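Spelled out from the first residue to the last, the chains are:
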Amino acid sequence: MAGFKVLLLCFAVLGFGSQARAGDSFCTAHDKLSDMLNTKFGEQKLGMGLAGSAAMVELFVSAKGTFTLVSTNIDGVACIVGAGDGWEKADPKDVLAGL
C-alpha cells in the first residue's frame, strides 16, 4: 500500500495535467530513456496511463526497489519527473479496497 501512496503523491505534487518541460527534468527520446533505465538500473515498465491528451506516464521499477516516473509527450520526448528507491509492490486487493 505504501508504494501506491507514493505514486499518488507523485501525481499530486508533480501535476500530471501538464507536460514536463525540458528545463525541469532530464529529457530524451523515449526508447533511449527506457533502454538507459533498464541498462543502468535494471528497471522495467510496471505500468502506464494517459495524462490528458498530451502525455503518457509510465512507472519503471527494479527488483532492487529503485523506481522512475517518466512522462512522454506526443512527440516521443520522455522526461524523468520523479525517481527514488524503496519501492514496495502493493497488493491489488488492498489498492482496490481503498478506493
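Residues numbered from 1 in each chain as written. Predicted model: local features only at pLDDT ≥ 70, side-chain atom pairs only at ≥ 80, totals over all residues. Heavy atoms only, no water.

Undergrad: For this particular structure, what's the right way to read the pairing of strand β2 (residues 44-51)?
TA: Side-chain direction in a regular strand flips from residue to residue, so the side chains alternate between the two faces of the sheet. In this structure, β2 lies alongside strand β3 (residues 55-61), joined through seven bridges in antiparallel fashion. Pairing of Gln-44 across the sheet is with Val-61, part of β3. Connecting β2 to the next strand, β3, in antiparallel fashion are three residues, including Gly-52 with a positive phi near 70°. (Pairing = 2+ DSSP bridges. Helix = DSSP H or I, 4+ residues; strand = E, 2+ residues; numbered from the N terminus.)

Undergrad: For this particular structure, what's the right way to read the state of the cysteines?
TA: Defined simply, a disulfide is a covalent bond joining two cysteines at their sulfur atoms. The tally for this structure, following the rule as stated, stands at one disulfide. Note that Cys-27 is cross-linked by a disulfide to Cys-79, the S-S spacing being 1.9 Å. Residues Cys-27 and Cys-79 are joined through a disulfide that is right-handed, its torsion about the S-S bond being 110°. Residue Cys-27 is found in strand β1 (residues 27-29), and its partner Cys-79 is found in strand β5 (residues 77-84); the two are separated by 52 residues along the sequence. Residue class for Cys-79 comes out buried when judged on its relative accessible area of 4%. (Disulfide = S-S within 2.5 Å. Buried < 20%, exposed > 50% of the residue type's maximum accessible area, 1.4 Å probe, protein only.)

Undergrad: Could you clarify how one ought to interpret the packing of aromatic side chains in this entry?
TA: Each aromatic ring pair is specified by the distance between its two centres and by the angle formed by the two planes. The full count for this structure, using the stated rule, is one aromatic pair. With a centroid separation of 5.2 Å and an interplanar angle of 55°, the aromatic rings of Phe-67 and Trp-87 are classed as tilted. One end of the pair, Phe-67, is in strand β4 (residues 67-73); the other, Trp-87, is in the loop between β5 and α3 (92-97), and 20 residues separate them in sequence. When its relative accessible area of 10% is taken as the criterion, Phe-67 is described as buried. (Phe/Tyr/Trp six-rings, centres within 6.5 Å; stacked < 30°, edge-to-face > 60°.)

Read these as spatial facts, not as claims about activity.
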